[in-house]
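# Commentary on secondary and tertiary structure
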Amino acid sequence: MAIQAFAIPSSLSWSNYTITSHRIQDPHDGQLQDCVTNFEWFLTPNLQAVQQGNQFRMNASMRVEIKPNNCRVWSGANKTAALLSHEQFHYDVPFAIARVVASKLNSLRAPSISELRRKIAEITLLHFTTRNELIQKRYDIDTRHSTNARYQRIWKNRMTTVLADPQANQIGGFWL
Ligand SMILES: [Zn+2]
């Protein structure tokens, strides 16, 4: 058994979005958008450390979970399949990252539980904040928030390749 990553649900639908009466400021570039997708991650259940000799590790039955969080769509937006597909990428990134995080957590060892917690915080910050934001920003720049069809296709194809490979640790030259 090993720590594994899950996205719940794995595919977003419009029912995951709250309708707003105004356009929404993108968290990454501040532009007003029809639709914004956010996520939250969980290590569940709460940390259960296991001692092995003089080292501590995480219990292998723990999970890294990704869930939609505060996803919003403007009431005037055209809720097309193409827009939802653009948004799905924003949600697939943290799932692909969660698989890398799960792999790192599986091999994580620390001399104390407090050090184990410190390392978990360091890993999750690096992947879910720093690396996630780099990819999300680049994706929206290249695709012009879904309006550049060519780059939209390129990035979606990259994601299809990543999702098919459980060991994937990068996308489009960016580390997951
Ligand atoms: Zn976007």
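Just so it is clear, the model here is predicted, and its values are computed rather than measured.

What follows deals with the overall build of the protein chain. Scanning the protein chain for helices and strands turns up three helices and twelve strands. A globule of 176 residues ought to have a C-alpha radius of gyration of about 16 Å, and the protein chain, at 18 Å, matches this closely. For the protein chain, the C-alpha atoms occupy an extent of roughly 60 × 30 × 25 Å along the three principal directions. Within the protein chain, the proportion of its 176 residues that are buried is 31%. Within the protein chain, counting contacts between residues at least 6 apart in sequence, those at least 24 apart form 73% of the total.

This part takes up the sheet that holds strand β2 (residues 18-20). Pairing between the strands of a sheet comes from backbone hydrogen bonds, and it takes one of two forms, parallel or antiparallel. With mixed pairing, the three strands of this open sheet are ordered in space as β2-β10-β5. If you trace the sheet from one side to the other, it starts and ends with β2 and β5 (35-36), each paired once.

So, on to the nonpolar core. Residues V64, F95, A96, I97, A98, V101 and A102 are the most contacted members of the largest nonpolar core, which totals 29 residues. In terms of residue count, the dominant contributor to this core is helix α1 (residues 81-107) (eleven residues). Here A96 is in contact with V162, L163, A168, I171 and L176, once residues within four sequence places are set aside. With five residues, the next largest nonpolar core counts Y17, C35, V36 and C71 among its residues.

Of the two faces of strand β1 (residues 4-7), the one lined by A5 and A7 is fully buried and the one lined by Q4 and F6 carries no buried residue. Two strands pair when backbone bridges link them, and β1 and strand β9 (residues 63-68) are joined in this way by four bridges, in the parallel orientation. What sits directly across from F6, in β9, is E65.

For the pair α1 and helix α2 (residues 113-143), the least separation of the axes is 10 Å and the interaxial angle reads 155°. Taken together, α1 and α2 sit at an angle that is classed as roughly antiparallel. Crossing of α1 against α2: the hand is right-handed. Touching H86, F89, H90, V93, P94, I97, V100, V101, K104 and L105 of α1 are I120, I123, T124, H127, F128, R131, N132, I135, Q136, Y139 and T143, all from α2. Here the residues of the contact of α1 with α2 sort into twelve nonpolar, seven polar and two charged.

Only one face of β9 is covered, namely the face carrying V64, I66 and P68; the face carrying R63, E65 and K67 is uncovered. Looking at chain direction, strand β6 (residues 39-44) and β9 are connected through six bridges and run antiparallel. Paired with F39 across the strands is P68, a residue of β9.

Looking now at the sheet that holds β1. One open sheet holds the three strands; their spatial order is β1-β9-β6, and the pairing between them is mixed. Since the sheet does not close on itself, it has two edges, and those belong to β1 and β6, each with one partner. Taken over all neighbouring pairs, the strand axes of this sheet differ in orientation by 20° on average, direction set aside.

For the rest of this paragraph, the subject is the environment of T37. Take T37: it is sitting in the loop between β5 and β6. Along the chain, T37 and H90 lie 53 residues apart, while their C-alpha atoms are 6.5 Å from each other. When sequence neighbours within four positions are dropped, the list of residues in contact with T37 reads L12, C71, E87, H90 and Y91.

This brings us to helix α3 (residues 149-163). Compared with the 21 Å implied by 1.5 Å per residue over 15 residues, the 21 Å span of α3 between its first and last C-alpha is a close match. Looking only at α3, the buried set comprises Q152, W155, M159 and V162. Buried residues of α3 fall within an arc of 90° about the axis and therefore sit on the same side. In this structure, α3 carries A149, R150, R153, N157, T160 and T161 as exposed residues pointing more than 90 degrees from its buried face. Buried residues along α3 sit against α1, α2 and β11 (170-171).

Cut-offs and rules
- Residues numbered from 1 in each chain as written.
- Predicted model: local features only at pLDDT ≥ 70, side-chain atom pairs only at ≥ 80, totals over all residues.
- Helix = DSSP H or I, 4+ residues; strand = E, 2+ residues; numbered from the N terminus.
- Rg over C-alpha atoms; globule rule 2.2 N^0.38 Å.
- Buried ≥ 20, exposed ≤ 12 C-beta atoms within 10 Å, placed from the backbone.
- Contact = placed C-beta atoms within 7 Å.
- Pairing = 2+ DSSP bridges.
- Core = buried A, V, L, I, M, F, W, Y, C linked by C-beta atoms within 7 Å.
- Axes fitted to C-alpha atoms, helices over the stretch in contact; angles between N-to-C directions.
- Parallel < 35°, antiparallel > 145°, perpendicular 65-115°, else oblique.
- Left-handed = near helix turned anticlockwise from the far one by under 90°.
- Nonpolar A, V, L, I, M, F, W, Y, C, P; charged D, E, K, R; others polar.
- Expected span 1.5 Å × (residues − 1).
- Arc of directions from axis to C-beta.

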